[in-house]
There are 2 protein chains.
Amino acid sequence: MLPEPLKVACASCNLRELCLPVGLHARDLAQLEGLVAKRRSVPRGEHLFRNGERFEALYAVRTGFFKTCVGSEDGRDQVTGFQMAGELLGLDGISSDHHHCDAVALEDSSVCVIPYDQLEDLSREFTVLQHSFHKIMSREIVRDHGVMLLLGNMRAEERLAAFLLNLTQRLQARGFSASSLVLRMTREEIGSYLGLKLETVSRTFSKFQEDGLMEVKQRQLRILDHEALQALVNDSHC
Amino acid sequence: MLPEPLKVACASCNLRELCLPVGLHARDLAQLEGLVAKRRSVPRGEHLFRNGERFEALYAVRTGFFKTCVGSEDGRDQVTGFQMAGELLGLDGISSDHHHCDAVALEDSSVCVIPYDQLEDLSREFTVLQHSFHKIMSREIVRDHGVMLLLGNMRAEERLAAFLLNLTQRLQARGFSASSLVLRMTREEIGSYLGLKLETVSRTFSKFQEDGLMEVKQRQLRILDHEALQALVNDSHC
DNA sequence: CGCTATGTTGACGGGATTCAAGGCTCGTGG
DNA sequence: CCACGAGCCTTGAATCCCGTCAACATAGCG
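In the annotation of an unreviewed UniProt entry, the entry for chain A reads CRP/FNR family transcriptional regulator, and the organism field reads Pelomonas aquatica.

Visitor: Can you help me understand the protein's contact with DNA strand D in this one?
Guide: Around DNA strand D, the structure places 17 residues, and the nearest of them are Ala156(A), Thr200(A), Arg203(A), Arg187(B) and Ser206(B). Looking at DNA strand D alone, sugar and phosphate atoms form 64% of those within 4 Å of the protein. A distance of 3.3 Å separates a phosphate oxygen of DNA strand D from a polar atom in the backbone of Lys197(A). Within the contact set of DNA strand D, a phosphate oxygen lies 2.5 Å away from a side-chain nitrogen or oxygen of Ser206(B). Broken down by secondary-structure element, the contributors of at least two residues to the surface near DNA strand D are α6 (198-210) of chain A together with α6 (198-210) of chain B.

Visitor: Explanation requested: the packing of helix α4 (residues 156-173) of chain A against α6(A) in the structure shown.
Guide: For any two helices packed against each other, one specifies the inter-axial angle together with the distance between the axes. Residues and elements named next belong to chain A. Remark: α4 packs on α6, axes separated minimally by 10 Å, with the N-to-C direction vectors making an angle of 80 degrees. In terms of orientation, α4 and α6 fall into the roughly perpendicular class. Two secondary-structure elements touch here, α4 through Ala 156, Glu 157, Leu 160, Ala 161 and Leu 164 and α6 through Thr 200, Val 201, Thr 204, Phe 205, Lys 207 and Phe 208.

Visitor: It is not clear to me how the packing of aromatic side chains should be interpreted in this structure. Could you clarify?
Guide: Geometry of an aromatic ring pair is reported as the spacing of the ring centres plus the angle between the planes. For the coordinates displayed, the defined rule picks out 14 aromatic pairs over all chains. Aromatic pair Tyr116(B) and Phe133(B): ring centres 6.4 Å apart, planes at 55 degrees, arrangement tilted. Residue Tyr116(B) is located in helix α2 (residues 116-125), and its partner Phe133(B) is located in helix α3 (residues 127-153); the two are separated by 17 residues in the primary sequence. Take Tyr116(B) and Phe133(B): they sit in the same class, and that class is buried. A network of ring pairs unites the aromatic residues Phe65(A), Phe82(A), Phe163(A) and Tyr193(A) as a single cluster.

Visitor: Please explain the domain arrangement of chain A as it appears in this structure.
Guide: When the parts of a complex come together, some accessible area is lost, and that lost area is often used as the size of the interface. Residues and elements named next belong to chain A. Entries for chain A in the domain assignment read domain 1 (10-132) and domain 2 (154-234). The C-alpha-based centres of domain 1 and domain 2 are spaced at 26 Å. Facing the 15 residues of domain 1 at the interface are twelve residues of domain 2. Summed over both partners, the interface of domain 1 with domain 2 buries about 1,300 Å², with 57% contributed by carbon and sulfur atoms. Put simply, domain 1 and domain 2 have four salt bridges between them. Of the charged contacts in the structure, one is a salt bridge between Glu 107 and Arg 184, with a shortest N-O distance of 3.4 Å. Put simply, domain 1 and domain 2 have eight residue pairs in polar contact (both at pLDDT 80 or more) between them.

Visitor: Is there a simple way to explain the interface of chain A and chain B in this structure?
Guide: Taken together, the contact pairs 49 residues of chain A with 49 residues of chain B. Taking both partners together, chain A and chain B bury about 4,500 Å²; carbon and sulfur atoms supply 57% of that area. Its largest share of buried area at the contact with chain B, chain A owes to Arg76(A), Arg124(A) and Met148(A), together 17% of the area lost on that side. Here chain A is connected to chain B by two salt bridges.

Visitor: Can you walk me through the sheet that holds strand β6 (residues 88-89) of chain B in this structure?
Guide: Backbone-to-backbone hydrogen bonds pair the strands of a sheet. The strands run either parallel or antiparallel. All names here are of chain B. Reading across from one edge, β1-β8-β3-β6 is the order of the four strands in this open sheet, with antiparallel pairing throughout. Each having just a single partner strand, β1 (38-42) and β6 make up the two edges of the open sheet. In this structure, strand β3 (residues 57-63) lies alongside strand β8 (residues 109-115), joined through six bridges in antiparallel fashion. Bridge assignment links Thr 63 to a residue of β8, and that residue is Ser 110. Strands β3 and β8 of the sheet are contacted by α2, whose axis makes an angle of about 60 degrees with β8.

Visitor: Just to check I follow, could you spell out the sheet that holds strand β7 (residues 102-105) of chain B for this structure?
Guide: Residues and elements named next belong to chain B. On the basis of which strands lie adjacent, the open sheet formed by four strands has the order β2-β7-β4-β5 and antiparallel pairing. Only two strands of the sheet have a single neighbouring strand rather than two, namely β2 (47-49) and β5 (77-84). Put simply, the sheet's adjacent strands are angled 30 degrees from each other on average, direction ignored. Relative to β7, strand β4 (residues 65-71) is paired through four bridges, and the arrangement is antiparallel. By the bridge assignment for β7, Thr 68 is matched with Ala 103.

Visitor: What should I look at first to understand the relation of the copies chain A and chain B in this one?
Guide: Relating one copy of the chain to the other requires a rotation about an axis plus a shift along that axis. When chain A is fitted to chain B, the best match, at an RMSD of 0.0 Å, comes from turning it 180 degrees and sliding it 0.0 Å along the axis. One copy is carried onto the other by what is essentially a two-fold rotation axis. Every residue of chain A has its C-alpha some distance from the rotation axis, and the shortest such distance is that of Arg124(A), at 2.2 Å. In this assembly, 100% of the residues forming the interface of chain A have copies in chain B that are likewise at the interface, indicating an isologous arrangement.

Visitor: Where do I start with the protein's contact with DNA strand C in this structure?
Guide: With respect to spatial proximity, 17 residues lie near DNA strand C, and among them Arg187(A), Ser206(A), Ala156(B), Thr200(B) and Arg203(B) are the closest. In the interface set of DNA strand C, defined as its atoms within 4 Å of the protein, sugar plus phosphate atoms amount to 64%. In the environment of DNA strand C, a phosphate oxygen lies 2.3 Å from a nitrogen or oxygen atom belonging to the side chain of Thr200(B). Mapped by element, the contributors of at least two residues to the surface near DNA strand C are α6 of chain A together with α6 of chain B. Counting residues per element, the surface near DNA strand C draws most heavily on α6(A), at five residues. Along the lines of polarity and charge, the residues of the surface near DNA strand C split into three nonpolar, six polar and eight charged.

Visitor: What is the right way to read the nonpolar core from this model?
Guide: Side chains that are nonpolar tend, in soluble globular proteins, to be buried together. Counting residues in each nonpolar core, the largest one holds 72 residues, and the members touching the most others are Phe163(A), Phe205(A), Phe163(B) and Phe205(B). The residues contacting Phe205(A), other than those within four sequence positions of it, are Leu160(A), Leu164(A), Leu183(A), Arg187(A), Ile190(A), Met214(A), Val216(A) and Leu221(A). By size, the runner-up hydrophobic cluster in this structure holds 50 residues, among which are Cys19(A), Leu20(A), Leu58(A) and Ala60(A).

Visitor: Please explain the UniProt feature "domain: Cyclic nucleotide-binding" (unreviewed entry) in chain A as it appears in this structure.
Guide: Mapped onto this numbering, the UniProt entry gives "domain: Cyclic nucleotide-binding" (unreviewed entry) at residues 20-90 of chain A. Secondary structure across residues 20-90 of chain A comprises 8% helix and 45% strand; the distance between its end C-alpha atoms is 13 Å.

Visitor: So what exactly am I meant to see when it comes to the packing of helix α4 (residues 156-173) of chain B against helix α7 (residues 226-234) of chain B here?
Guide: Residue and element names in this part refer to chain B. The N-to-C vectors of α4 and α7 enclose an angle of 130 degrees; their axes lie 8 Å apart at closest approach. As far as their axial angle goes, α7 and α4 are oblique. Crossing of α4 against α7: the hand is left-handed. Touching Glu 157, Glu 158, Ala 161, Ala 162, Leu 165 and Thr 168 of α4 are His 226, Leu 229, Gln 230, Leu 232 and Val 233, all from α7. Its residues placed into classes, the contact of α4 with α7 shows six nonpolar, three polar and two charged.

Cut-off values and rules
- Residues numbered from 1 in each chain as written.
- Chains lettered and ligands numbered in written order.
- Predicted model: local features only at pLDDT ≥ 70, side-chain atom pairs only at ≥ 80, totals over all residues.
- Heavy atoms only, no water.
- Near = heavy atom within 4 Å.
- Polar contact = N/O pair within 3.5 Å; in protein donor to acceptor, adjacent residues only side chain to side chain.
- Helix = DSSP H or I, 4+ residues; strand = E, 2+ residues; numbered from the N terminus.
- Axes fitted to C-alpha atoms, helices over the stretch in contact; angles between N-to-C directions.
- Parallel < 35°, antiparallel > 145°, perpendicular 65-115°, else oblique.
- Contact = heavy atoms within 4.5 Å.
- Phe/Tyr/Trp six-rings, centres within 6.5 Å; stacked < 30°, edge-to-face > 60°.
- Buried < 20%, exposed > 50% of the residue type's maximum accessible area, 1.4 Å probe, protein only.
- Domains from an automatic or database assignment.
- Buried area = accessible area lost by both parts, 1.4 Å probe.
- Salt bridge = Lys/Arg side-chain N within 4 Å of Asp/Glu carboxyl O.
- Pairing = 2+ DSSP bridges.
- Least-squares fit on C-alpha atoms with pLDDT ≥ 70 in both.
- Nonpolar A, V, L, I, M, F, W, Y, C, P; charged D, E, K, R; others polar.
- Core = buried A, V, L, I, M, F, W, Y, C linked by side-chain atoms within 4.5 Å.
- UniProt positions renumbered as here; feature names shortened; annotations may be inferred.
- Left-handed = near helix turned anticlockwise from the far one by under 90°.

Below, the structure written as structure tokens:
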């Protein structure tokens, strides 16, 4: 592997089509040089930030995989999302200048640090950046509403099917296979995200395997029947 | 229907402390004159906008009460939120220039229309407005994560308790009583929001009444024991 | 090698849903 | 003014999906 690049540059980042700079042209991108000040690496299991900490920057995942979770006072814990390369972390912190969730690396990861006040400054200068940023926040809201639909209306099999389809779709957008993947999270974390207990997740995986929809060996997955999964999500409401 | 009101002015609106202009001073407010172009009234049961429609403006609730809901192709339907005076509708539309949910008035209502491109223009000029807007979007994300926690971890009683506490808190912020309220939505709509069936909502109301936590007569509520409700939400995880 | 975290599977119980019947409210029209 | 109907709400009984508890398997790591 090459030595760490000295300079961070969205212009030369292969995630620029997925990340904050979507829609910016070459000459606009040059203006972002100063925005993404530095990187930070987060070893597996470590926190990128914690609930209650002061909010100062957004983070764009560069490599690796994260989860975010909110917890109530009494120790309840809910995974609110999983983030992969090109996705933004920390948007919840804007509301009160403090983070409202924990962000934990599920594998050794690195992020680009985007100081928030600089982002506001720059987005006043560059309409395209401003609009991209707003779209990203809005997309997060839409995503959350989708999860609410899932948690409120679907049964265990449908939830897991929807989750897996979402995951493979995002992996595919990043150039990975749509059928073969390695889960970076535990059954318990999947369960927390989907509002299920880990045993139910495990059982549902086993059932999917019995039904020939996929091969499951621990965290190694091979999707055999995408359409059947899709049908599960759609045809359910019976 | 009445002729269109003459002039809309945030500066003279008694919702300005709750609505988009939070934090703006008198001289800044004057600049918003042009932003909130007009009002629109929405009779009970009518749509403010529908899923799929082109997104052009945000709406601030002026009077009345709304619900937003997303639906999947197969007719499943999930209420994603209830909005009262001072709250913003339509944020989900920014992501793709099309609305991603339906917004329906639950009583005769009126909204301020905020053309979105003008909001972007103005927020490039006024740092405070820009920041307020970002905070509002972020707050919506935080709220959604709270609902995910509720849907993923709580049992029926806790969900309804959390819902009622949230409702009374928002009503109180608007100068209403914290203990006496009229529900603007049906049991089915509450259930949809909370991931429960309407029968379960009804039964849980009855149980709360038996336990002396509140009086329930159809949609008329009187909260008798706020702290017991709060305890339900907190001490539950057992 | 043995410890710990994680994953699998079975048996059982419970909370919520489903199905069904009936009551309440309010608006409309006779 | 009152009857009537539609929408909304309440309540009961039966069912089922998922959670709980428990035992064991497997993987990763010092």
